[in-house]
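Here is what each chain is made of, one letter per residue.
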Amino acid sequence: MDELCQMIKGNVKALVFKHDASRVVQTAVKRGTPQQRKEIAKELKGDYVNMAQSTYGRYLLVKLMYYGDQSTKSQVISEFYGHVRNLIKHREASIVVEDVWQYATPKEQERLMREFYGAEFAVFKDDSETVTGNLRKILERAPEKRAIIMKSLFDLIKQLVEKDEFIFSIVQRAMLEYISNATPGTSEVTEFLELVTEHLHEFPFTKPGAAVVQLCITHGTAKDRKAMLKVLKPIIGQLASHESGYRVILSIYECVDDTTLVAKTVLPGLQSRIMDLTRSNIGRIPLLYPFVGRNRRVIHPPAIQVLKDLDHIRQTTSKKDLPQKQAELVNHFAPAFIDVIKTNAMDLVQDAFGSKFIYEVIFGANYSPTGVPREKVDAALEAVAETAKGDPQDDGHVMHSLGAGRLFKLLVQGGQYDDASKSVKGSYPSLNFFFFGVYTPFPRREA
């Protein structure tokens, strides 16, 4: 490496633009010492924008961003300021811009994002400590520029979508800034939905992309949502256990008034992976939302807050209120989930998340105001009770598993203990779980 770096010293700029020699420099960056990398980066200073647009030079930039230290990365990023808007539209350079975005510090990302809002932000740089890429804050400071900024941003997004560059995180962040600040019910929203609807299945696997899809569903009309659900249906199973994607399913539950359509769209994807999802900290959330709603014992607080932030839009675009939708979803989902409990009772009882799934589904289905067939609930309870056969002191008994004891306690007492009322908050009609099982000589009482 010492010999190689000595040979290329002073000639790095000439080498990086050639298809074979560029690989030599890439190897030096990959295998060299931190100091050798700095020397190579120093020699290339001032030429990074040209390299990004080069078929071969861009690969070295990607290597520098991966292997270089923070000072090298910042040096590269600083040369991109003022050029982001043009580079993101370039076939070769767009990939480098995405890499630069991924390795940039939060402050650097804010400066890069500003350039999406128009030429003014690229030409007149803001080097202050309070620099922001948050479009809402920018519009609050200069409301007279709103029309120009929104049009400039939309036109750029449209070009990038047509080039299939919507998969980049930086582009999805720009989309999020746009739709977050679009005025509901105006052409700003309708034009954006027309532009992105057929591509929505590409978005939910990043945090900003999932947020974009949530906003699209919230803003959409019944016709828009039907088209969106058709696009999203094939990936529902993947979304259910994804750290960002599951939030899209929650927005579908809350925003789409046609709960029959929701069930036809979401339920097949959940059923195909249901046993895996019941044991997943994330996967169980879209399974249990119809039964618990926005309850922190199942749904993570940040996800609840996102849903609350969208309420002001949802209330103008959806006709049904949340309790009504939730009750209808229970009727669609409960029969299938109760069958799962009946068939897989032992596996579920022995798992902490699985036992939680049993409890929430049983109580949610039992409480359903429009009524889930009681025979189905009873059959599932019988199957759960059967898992407790035998002596609890025996090795391998179900009561030795994590979660089983709590599950049986909740089922027997008929609900969870409520600290506020100092009493058990049960379901109606009563489960009467203590009448199930092989030891019971008495007929089951009605509630």
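Predicted model only: the values in this text are computed from it and were never measured.

**Focus: the overall build of the protein chain**
For the protein chain, the helix and strand inventory stands at 29 helices and two strands. Taking 447 residues into account, the globule formula puts the C-alpha radius of gyration at 22 Å, and the protein chain, at 28 Å, lies well above it. The dimensions of the protein chain, computed from C-alpha atoms along their principal axes, are 95 × 55 × 40 Å. Buried residues in the protein chain amount to 52% of all 447 residues. Restricting to contacts in the protein chain with at least 6 residues of sequence separation, those with at least 24 account for 66%. Total accessible area on the protein chain is roughly 21,200 Å²; 52% of this is exposed by carbon and sulfur atoms. Taking the average location of the 59 positive side-chain charges in the protein chain and that of its 54 negative ones, the two points are 1 Å from each other.

**Things to note about empty space enclosed by the protein**
A probe matching the size of a water molecule, rolled over the atoms, marks out where space remains unfilled. Tallied over the full model, the rule gives two cavities of 30 Å³ or more. In this model, the second largest cavity occupies a volume close to 30 Å³. What lines the second largest cavity is Thr218, Ser251, Glu254, Cys255, Leu307, Leu310 and Arg314. Sort the elements by how many residues they give to the lining of the second largest cavity and helix H19 (residues 246–255) lands first, with three residues. Residues that form the lining of the second largest cavity fall into these classes: three nonpolar, two polar and two charged.

**Things to note about the pattern of salt bridges**
Counting across every chain of the model gives 17 salt bridges. Notably, a salt bridge pairs Arg173 with Glu177, separated by 2.9 Å at the nearest N-O pair. Separated by four residues within a single helix, Arg173 and Glu177 lie in helix H14 (residues 169–181), roughly one turn from each other. With respect to class, Arg173 is no different from Glu177; both count as buried. For Asp339, the salt bridge identified is with Lys376, shortest N-O distance 3.1 Å.

**Things to note about the nonpolar core**
With 141 residues, the main nonpolar core has Phe116 and Phe337 as its most contacted residues. Broken down by element, this core gets its largest block of residues, 10 residues, from helix H25 (residues 322–343). Leave out the neighbours within four places in its chain, and Phe116 touches Val84, Arg85, Ile88, Ser152, Leu153, Leu156, Leu160, Ile170 and Ala174.

**Observations regarding H19**
Most of H19 is tucked away, with 10 of its 10 residues classed as buried. Three or more residues of H19 are buried, namely Tyr246, Arg247, Val248, Ile249, Leu250, Ser251, Ile252, Tyr253, Glu254 and Cys255.

**Brief notes about the confidence of the model for the protein chain**
Across the protein chain, the average pLDDT comes to 88, with 92% of residues at or above 70. Strand E2 (residues 423–426) is the least confidently modelled element of the protein chain, averaging 67 in pLDDT, while H19 averages 97, the highest of any element. In the predicted structure, residues 438–447 sits below a pLDDT of 50 and forms 21 contacts with residues beyond four places in sequence or in another chain.

**Here's the deal with the environment of Ala345**
Along the chain, Ala345 turns up in helix H26 (residues 345–349). Taking the C-alpha atoms as reference points, Ala345 and Glu382, separated by 37 residues in sequence, lie 9.6 Å from one another. Leave out the neighbours within four places in its chain, and Ala345 touches Ile358, Ala383, Val384 and Thr387.

**Some remarks on helix H20 (residues 259–271)**
Think of an α-helix as 3.6 residues a turn; residues three or four steps apart then line up on the same face. Helix length check: H20 (13 residues) gives 17 Å between terminal C-alpha atoms against 18 Å at 1.5 Å per residue, within 8%. In H20, a bend of some 25° at Thr265 exceeds every other bend along the element, and Pro268, a proline, comes one to four places later. For H20, the complete set of buried residues consists of Thr259, Val262, Ala263, Thr265, Val266, Leu267, Gly269 and Leu270. The inward-facing, buried residues of H20 contact helix H17 (222–232), helix H18 (236–240), H19, helix H21 (274–278), helix H22 (284–292) and H25.

**Some points on the side chain of Thr387**
Looking at the secondary structure, you find Thr387 in the loop between helix H28 (374–386) and helix H29 (404–413). Overall, Thr387 belongs to the buried group, its relative accessible area being 7%. Not counting residues within four places of it along the chain, the set of residues in contact with Thr387 comprises Ala345, Met346, Val349, Val398 and Phe408.

**Observations regarding the environment of Leu135**
Position of Leu135 relative to the elements: it lies in helix H12 (residues 135–141). Between the C-alpha atoms of Leu135 and Tyr178, which are 43 residues apart in sequence, the distance is 7.8 Å.

**A look at the packing of helix H16 (residues 207–219) against H19**
How two helices pack is summed up by the angle between their axes together with the distance between the axes. In contact at an axis separation of 9 Å, H16 and H19 are set at 10° when each is read in the N-to-C sense. Judged on the interaxial angle alone, H19 and H16 are roughly parallel. For the pair H16 and H19, the contacting residues are Ala210, Val213, Gln214, Ile217 and Thr218 in the first and Arg247, Val248, Ser251, Ile252 and Cys255 in the second. By residue class, the composition of the contact of H16 with H19 is six nonpolar, three polar and one charged.

What counts as what
- Residues numbered from 1 in each chain as written.
- Predicted model: local features only at pLDDT ≥ 70, side-chain atom pairs only at ≥ 80, totals over all residues.
- Heavy atoms only, no water.
- Helix = DSSP H or I, 4+ residues; strand = E, 2+ residues; numbered from the N terminus.
- Rg over C-alpha atoms; globule rule 2.2 N^0.38 Å.
- Buried < 20%, exposed > 50% of the residue type's maximum accessible area, 1.4 Å probe, protein only.
- Contact = heavy atoms within 4.5 Å.
- Areas by Shrake-Rupley, 256 points an atom, 1.4 Å probe, with all protein chains shown as cover.
- Lys, Arg positive; Asp, Glu negative; His and termini not counted.
- Charge placed at Lys NZ, Arg CZ, Asp CG, Glu CD.
- 1 Å grid on protein atoms, 1.4 Å probe; cavity = no way out; pocket = protein on both sides within 12 Å on 5 of 7 lines; lining within 4 Å.
- Points joined across faces, edges and corners; volume = space filled by probe spheres on them.
- Nonpolar A, V, L, I, M, F, W, Y, C, P; charged D, E, K, R; others polar.
- Salt bridge = Lys/Arg side-chain N within 4 Å of Asp/Glu carboxyl O.
- Core = buried A, V, L, I, M, F, W, Y, C linked by side-chain atoms within 4.5 Å.
- pLDDT = per-residue confidence, 0-100.
- Expected span 1.5 Å × (residues − 1).
- Bend = angle between axes of the 7 residues up to and from the residue.
- Axes fitted to C-alpha atoms, helices over the stretch in contact; angles between N-to-C directions.
- Parallel < 35°, antiparallel > 145°, perpendicular 65-115°, else oblique.

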